[in-house]
Structure formats: structure tokens, C-alpha cells
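Take a look at the letters that make up each chain.
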Amino acid sequence: MEKTFIMIKPDGVQRNLIGEIVARFEKKGFTLVGGKLMSVSRELAEQHYAEHKERPFFGELVDFITSGPVFAMVWQGNNVITTARNMMGKTNPVDAAPGTIRGDFAVSVGMNIIHGSDSPESAEREIGLWFGQDEVVSFEKTI
Ligand code: CMP
């Protein structure tokens, strides 16, 4: 079953949006198979956002992600990678449609509430970076 990495960023945690966001994924029918509230080291943030290293906003991005706890999750389900991206909305909340997470709760591209893997390759890399093998449960629903 497909898995994706989803992170509620420090702004989402501080605005008490963990429950709202988890509820949206649960109601959609996806299964939570890993989750933890954690502080992020600069090293982990830099590894996670390595593809943006040359961008002018890289330092700001690392500063922000390390500024407070994040809620890191692994979600499982059919086509969860693309569907989660659609539920999150466009990266820049200005372009994110109402009804999406960023469209409903964010106004700034830096503080855009949530991150989700953008491809199967990213999902595998990001889950491996953020979670140990024993932190992701093997879970097929029976009811
Ligand atoms: P995310 O999906 O976590 O992946 C990369 C992040 O870079 C993106 O969400 C934005 O939050 C952030 N980002 C993109 N463009 C800018 C920008 N111009 N200034 C600050 N942050 C940005």
C-alpha cells in the first residue's frame, strides 16, 4: 500500500491545527501508520530540504522548520501521495483553492502549515529520513 510523509509545520502546530488536519486525512479514508511531535535539528531540516539548498529562501526555511515542534506523520492508502497533495493545496496559499488545507488556513508561502511528499521517490526518502523502521506500523484495517 502506498505511503507518504506529511509534516505539520511549526505554524500549524502553534495554531492548534493538528486535530483538524489529522481529521481531514482520517475522514478521507487514509490510515495513520506513524506519527510524532518532535523538535527538528538543523541537520535534519537541511537534509529534508536539500533540493532547495541553492534557493535564496533556504536559510529562512531551515530557520522556520527548526523554530518549534512539528508533527511528523506517515499516512497510508491508495494514491495517498497525489491525493494528499491535492488536499494540501498549492504551495503558495495565495494560489491554494478554498477547501484545501493551505487554502483554508494559510496566507504565506513560508508559513504554509503543511508539507507532503511530491513523488514516490520523495516519499521513500522522507519517510526513511524522519522515521525509524520500528516507528512505522504495519497496519491493514480489518473493520
Ligand atoms: P514545502 O512543501 O515544505 O517545500 C518547500 C518549502 O519552501 C515550501 O513548502 C514553502 O514553505 C517554502 N518556500 C517556497 N518558496 C518560498 C519563498 N519564496 N520564501 C520562503 N519559503 C518558501
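What counts and what doesn't
- Residues numbered from 1 in each chain as written.
- Predicted model: local features only at pLDDT ≥ 70, side-chain atom pairs only at ≥ 80, totals over all residues.
- Heavy atoms only, no water.
- UniProt positions renumbered as here; feature names shortened; annotations may be inferred.
- Patch = residues over 30% accessible without salt bridge, like charges linked within 9 Å, V, L, I, M, F, W, Y side chains within 5 Å.
- Areas by Shrake-Rupley, 256 points an atom, 1.4 Å probe, with all protein chains shown as cover.
- Salt bridge = Lys/Arg side-chain N within 4 Å of Asp/Glu carboxyl O.
- Lys, Arg positive; Asp, Glu negative; His and termini not counted.
- Charge placed at Lys NZ, Arg CZ, Asp CG, Glu CD.
- Helix = DSSP H or I, 4+ residues; strand = E, 2+ residues; numbered from the N terminus.
- Contact = heavy atoms within 4.5 Å.
- Pairing = 2+ DSSP bridges.
- Axes fitted to C-alpha atoms, helices over the stretch in contact; angles between N-to-C directions.
- Core = buried A, V, L, I, M, F, W, Y, C linked by side-chain atoms within 4.5 Å.
- Buried < 20%, exposed > 50% of the residue type's maximum accessible area, 1.4 Å probe, protein only.
- Arc of directions from axis to C-beta.

- The protein carries the name Nucleoside diphosphate kinase in an unreviewed UniProt entry, which gives Brevibacillus fluminis as its organism.
- The annotation that UniProt attaches to the protein under Sequence similarities (unreviewed entry) is "Belongs to the NDK family."
- The UniProt entry for the protein carries this comment under Subcellular location (unreviewed entry): "Cytoplasm".

### Topic: a negative patch on the surface
Here is step 1: On the surface, a cluster of negative charge is made up of E51, D118, E121 and E124.
Here is step 2: Looking at the secondary structure, you find E121 in helix α7 (residues 120-130).

### Regarding the UniProt feature "binding site: ATP" (unreviewed entry) in the protein
Here is step 1: On the UniProt side, "binding site: ATP" (unreviewed entry) is annotated at positions that read K9, F57, R85, T91, R102 and N112 here.
Here is step 2: With respect to the secondary-structure elements, K9 resides in the loop between β1 (3-8) and α1 (10-14).
Here is step 3: If near-sequence neighbours (up to four positions away) are discounted, K9 is found in contact with Y49, F64, I65, P69, V70, G110, N112, I113, I114 and H115.
Here is step 4: In contact with R102, other than residues within four places in its own chain, are M88, G89, K90, T91, P93, A96, N112, I114 and H115.

### Here we look at the sheet that holds strand β4 (residues 114-116)
Here is step 1: Within the open sheet, the four strands sit side by side as β2-β3-β1-β4. Their pairing is antiparallel. Bordering the open sheet on either side are β2 (31-38) and β4, each of which pairs with just one other strand. Ignoring which end each strand starts from, the neighbouring axes of this sheet average 15 degrees apart.

### Overview of the nonpolar core
Here is step 1: Counting residues in each nonpolar core, the largest one holds 22 residues, and the members touching the most others are I6, I21, F25, W75, I113 and I114.
Here is step 2: For this core, the elements supplying multiple residues, two or more each, are β1, α2 (18-28), β3 (70-76), α5 (80-88) and α6 (101-105).
Here is step 3: In terms of nonpolar packing, the next biggest core, distinct from the first, is built from 20 residues, F5, M7, L44 and I127 among them.

### Thoughts on α7
Here is step 1: What α7 keeps buried is the set S122, A123, E126, I127 and W130. Relative to the axis of α7, the buried residues are bounded by an arc of 125 degrees and lie together on one face. The exposed set on the far side of α7, more than 90 degrees from its buried face, consists of P120, E121, E124 and G128.
Here is step 2: Packed against the buried residues of α7 are β1, β2, α3 (42-48), β3, α5 and β4.

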